[in-house]
Amino acid sequence: MRTRKVIAATTCALLALGLAACSSGSKSDDAGPPSSQNVRMVMFPGPQGDALQKVVDNYNDTQGLKDNVQVQTVMLSRADTFGKEATQMAAKSSDIDLYFTASYIIGQQAPNLDPLTTVDESAYFDSSIEGLTVNGKLMAQPLNVSNTFLIYRKDLIEKLLDDPAEHKRYEAISQEVLGKALQPKAPDDWSWDDYTAAAAYFTKQYNPESPTKYGTALQAKNLSFNVMIWNDLLWSNGGNWIKNGKADLTSDAAEAAVNTYRTIYTKGLTSPDSSSAEFPETQAALQNNNAAFALQWSTAFNSLNDPKASPNIAGNMAIARIPGKLHSNHAHTQGFALNKYSKNKDGALTWLKFLNSEAAMTEFAAAGGIPASPGVLEANVANNPSFPYIADQIANYGFNEPIFSGTFQALGKLAASLSGAWVGEKPVKEALKDANSELTALLDQ
Amino acid sequence: MTKMTQAPTPQQQTGILSTSATDGTRRRRRKALRLWSVTALAVLISFLLNLPLLNAINVSLKPDAQMNAPLSAPTTPTLEHYANALGAAGYDFPTFFLNSFLISLGTVGLILIITVPACYAGLRLQFAKGLVVTSIIGLRLLPAIFFAIPIYVLFMTTGLLDTVVGLVLANTLLNLPLAIVLLSSGINDLPQEIEEAARVDGASVYRILRAIVVPILAPTLVAVAVLTFLFSWNEYLFGLILSSTQSTPITVGAANFVTSYGIRWGDLSALTVLSSIVPLGFAIFAQRFLVSGMTVGAVKG
Amino acid sequence: MSATRASKARVSVAGSGARPGPRPGSSAGWILSSPLLVFVLGIVLFSVVYGVVLSLQHRTVFDPEVTWTGLRNFGHVLADRAFWQSSWFTIQYSVIVTVIEIVLGVALGLFFNRTFPGKRILFLATILPITIAPALIAVMFRLITNENIGAVPAILQNFGLDISLYSPGSVVPLLVVLDVVHWTPFVFLIVYSGLQSFPEEIREAARVDGASNWQITWRIVLPLIKPVLFAATFLRFVDTVRTFDVIYVLTGGGPGTATETISIYIFKKAFEDGNFGVAAAAGVIMLTVMLPFIPLLVRKLGRAEN
């Protein structure tokens, strides 16, 4: 009896296996009409991906039929896309025609890609084109930009600025935490000291009457994206990764940048959990009145003002320039690159040409995307109130980390070396020295 | 720490000299109380262990705006997250679920076919002195990443990329060591007398395996099946690397909810809940075998 | 983990480690093993050999040219401080987690080894945590430990404890607790199944002889389920050494590299540095280190216990 049951179960499993073999065989038959070229591209899920999908679907139904090209998107998560692409590149795979890429990884991927020569570069931000150019050749076509903002609670800051009594308290707290008696200022004019002082003012530990528990929400997790945010401090202090061709992470600007983070964390101006925080944690902190302002990705802004997503704070969030002398803000560009081993280059290029057009970019913006196109951003303010800020900040203050084969690795190594120092677990000078030698090794490779 | 409160054996009961009826009821009540306190403790333990899942259920029913009140139940429960987890968000979850199911079931089948006869041969028939079988256990020491590129290249050249069959083979590779460990343990516990007797009676090795060994091994086979199903259902890395559009399992599909905008907590919680139901269902289904297999086996022995 | 121990107990309790001698007609051995051999040759051997070959090559994402680099990748790994740190952390973490899970799993197994009202349902409820995929539970942990929208900090606050779960001092205990909550039911399941095949007669006999319940457990039950315990310990230890998803999602190996496990190290080498040769070398080193334990395993799993 038992035997029969076991055999029955095994037979079921085998049948399933057989079914699976058959079904996966037949599925590949309906990947579009056989005569059209099938272009496969990778995309992040999320609002940018959803917006692009709309453009793709529309193209497949209209222009694509004329061009005889059908586009198929392969969605992979933000964390894993590049790992998967790396595997495919290492295996010289032809599975994907257009790889999803970004300015921070294009340097690493370039040997596996074909340069693009027919792109109308004038449609895009200069920094976007720079960000995707490796050794003088454009290796990818920009799609969207992602930059950082200083996002703050307008209501709370205005209340502070309007009340002279609070100025006194602010001064006292600033003295206590920074050793300098600073006066409150509008966020657009902040130095990093002002940022720190304001954070202290809004931290209950120093100001029992603060409306928020902490002043800010630092993104201090060991993560490449967090290094991009920290780079804001480095660049706005006048520093850079590289100076005269050599790694320059032991500069005063770098030290000041690490120390700002360190002060904020060790003095308790941000939650201790910030050591593992990134985008979603910062969102949650802002949404729950546990932080008054933060450095955050620009894509976050809309949902913070949306009553459905952030009922507590909707309507009260505003955008300011990144603090610091130069107000530099990291702006990376994402786009599509042509796989060297693709069997469908013509189709892919036809699709890219369509995407290059103002019509396509406008469609993308209307669907919720943030195109890397200043003209389109400005023309579509009605869709997305953060557009003018994005356009303005990227054009005036945007920067790319140096684009070379080791950029992506460098971000990872800096995250590993510096995140300890950000939260006071590692001495600052030692961390910067380590980071510097890692960067030097990468530059030499 | 363990409370060994067994029901009083006949010896103990008759050993207590008492004839009063109230003593009897008091004893029964004490026994009932002991048993119920065991239940209470078990409830507490499983509650603590299941906090993440219970929280997931709670969050999956909340609209996004209510995320900031973690301890309260949703004031306006919504099924939108479950709808999203089943495809409403535009990602083809029904296919992902089907893929996961086929992959897991297929892996169970393949694992059983491969390992049961081979373990018997290795451990009982001394085939290759059991070395083939036991050295495979060593595979479990390697992180799955080690196999990522080799398998990718192998599948690329044999056209198995993005197929359910390919993922079945990959998951079989991953679960071979586990199956062998459990089967070895089970086979080594088999009383040899029965097999001896059958062999003396002239039965062939195959007959012995099929008619005697496998039935006795049923509980072990069920354990192997359940755990293999579970680990295949939950596998992520190979699913990520080897699939792109056709054979995506749910674990990889779930990553769609971790976006560059943030994490869709509600949708992910709903998906987590749905995803746990299937292996649980498989385990319940298999537990019947487990229970019935063991009791009959004990009687036979 | 199989059914009938009763007969064995009756027949002999001591020294039944002998295995049947080689059978005549060992072609049966070949035939029965053929599916496994085919699979091993086709996939397992290919993958392992390819992986070892990779470790000897200069194979990076930057360089479409693949060249032989001999043992240089191994040198790179062995000279890398991050490798040693992550190995050390991994070993400490694995040992602690495994010990806790085995102890708790055995306790749970013994605890459930009786009839009580609602046992069937509670048994299923207790093994429920392992049905959640590590990739998914990582996000669920992230949610439940989030200080703003997570249940655990909210509960702690209700008890007046304002602890930060992710501060550098508490992040490792947090990871240990999360792993224990996720995987103790796995140990419990294996131990419980082993206990099911435990012959009641032995326990009865011992009790008649006057042994207390505690003595019965310690002296008789536990030693007899040693093979099961061993399997569970091996499986859990090896799995925690390979831990990746939860830690990577929650801390990324941080703060700094405080929680970087060897799997995260290999992952970063492969997918961040794009250096598959070095990543493969690290994997081979891992295997080589654990390899000497395999004969020990073979002996333990092959021996029937007294």
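### Side note on the overall build of chain C
When you go through chain C residue by residue, the secondary structure sums to 15 helices and 2 strands. Relative to its full complement of 306 residues, chain C shows a buried share of 61%. Looking at chain C alone, contacts between residues at least 24 apart form 68% of all its contacts between residues at least 6 apart. If you sum the accessible surface of chain C, you get close to 12,000 Å²; carbon and sulfur atoms cover 68% of it.

### Description of the domain arrangement of chain B
All names here are of chain B. On domain assignment, one finds that chain B holds domain 1 (22-60) and domain 2 (90-294). Using C-alpha coordinates to define each centre, domain 1 is positioned 33 Å away from domain 2. Residue-level contacts link 5 residues of domain 1 with 7 residues of domain 2. Counting the surface lost from both domain 1 and domain 2, the interface buries some 390 Å², and carbon and sulfur atoms represent 84% of this. Among the residues of domain 1 in contact with domain 2, Leu53, Val59 and Ser60 are the three that bury the most area, contributing 71% of the side total. Our enumeration of links across domain 1 and domain 2 arrives at 0 salt bridges. A breakdown of the residues in the side of domain 1 that touches domain 2 according to their chemical character gives 4 nonpolar, 1 polar and no charged.

### Some remarks on the pairing of strand E1 (residues 37-43) of chain A
It is a general feature of regular strands that their side chains alternate between the two faces of the sheet. All names here are of chain A. In terms of burial, E1 is a largely internal element, 5 of the 7 residues being buried. Pairing of E1 with strand E2 (residues 69-75) involves 7 bridges; the strand directions are parallel. Along E2, the bridge assignment pairs Gln37 with Val69.

### A few points about the interface of chain A and chain C
A common way to state how big an interface is: give the accessible area lost once the parts meet. On the chain C side, the residues contacting the 40 residues of chain A number 35 residues. In this assembly, chain A packs against chain C so that about 3,000 Å² is buried in total across both faces, 48% of it on carbon and sulfur atoms. Counting across the interface, chain A meets chain C through 5 salt bridges. Here C:Arg142 makes a salt bridge to A:Glu281, at a shortest N to O gap of 2.7 Å.

### Structural notes on unusual backbone geometry
All names here are of chain A. Even without a glycine there, the phi angle at Lys92 is positive, about 55°. Looking at the element boundaries, Lys92 is found in the loop between helix H4 (81-90) and strand E3 (98-102). By relative accessible area, Lys92 is classed as partly exposed at 36%. In this structure, Asn135 is a non-glycine residue whose phi angle is positive, near 50°. Structurally, the position occupied by Asn135 is in the loop between strand E5 (133-134) and strand E6 (137-138). For Asn135, a relative accessible area of 76% gives the class exposed.

Rules used throughout
- Residues numbered from 1 in each chain as written.
- Chains lettered and ligands numbered in written order.
- Predicted model: local features only at pLDDT ≥ 70, side-chain atom pairs only at ≥ 80, totals over all residues.
- Heavy atoms only, no water.
- Helix = DSSP H or I, 4+ residues; strand = E, 2+ residues; numbered from the N terminus.
- Buried < 20%, exposed > 50% of the residue type's maximum accessible area, 1.4 Å probe, protein only.
- Contact = heavy atoms within 4.5 Å.
- Areas by Shrake-Rupley, 256 points an atom, 1.4 Å probe, with all protein chains shown as cover.
- Domains from an automatic or database assignment.
- Buried area = accessible area lost by both parts, 1.4 Å probe.
- Salt bridge = Lys/Arg side-chain N within 4 Å of Asp/Glu carboxyl O.
- Nonpolar A, V, L, I, M, F, W, Y, C, P; charged D, E, K, R; others polar.
- Pairing = 2+ DSSP bridges.

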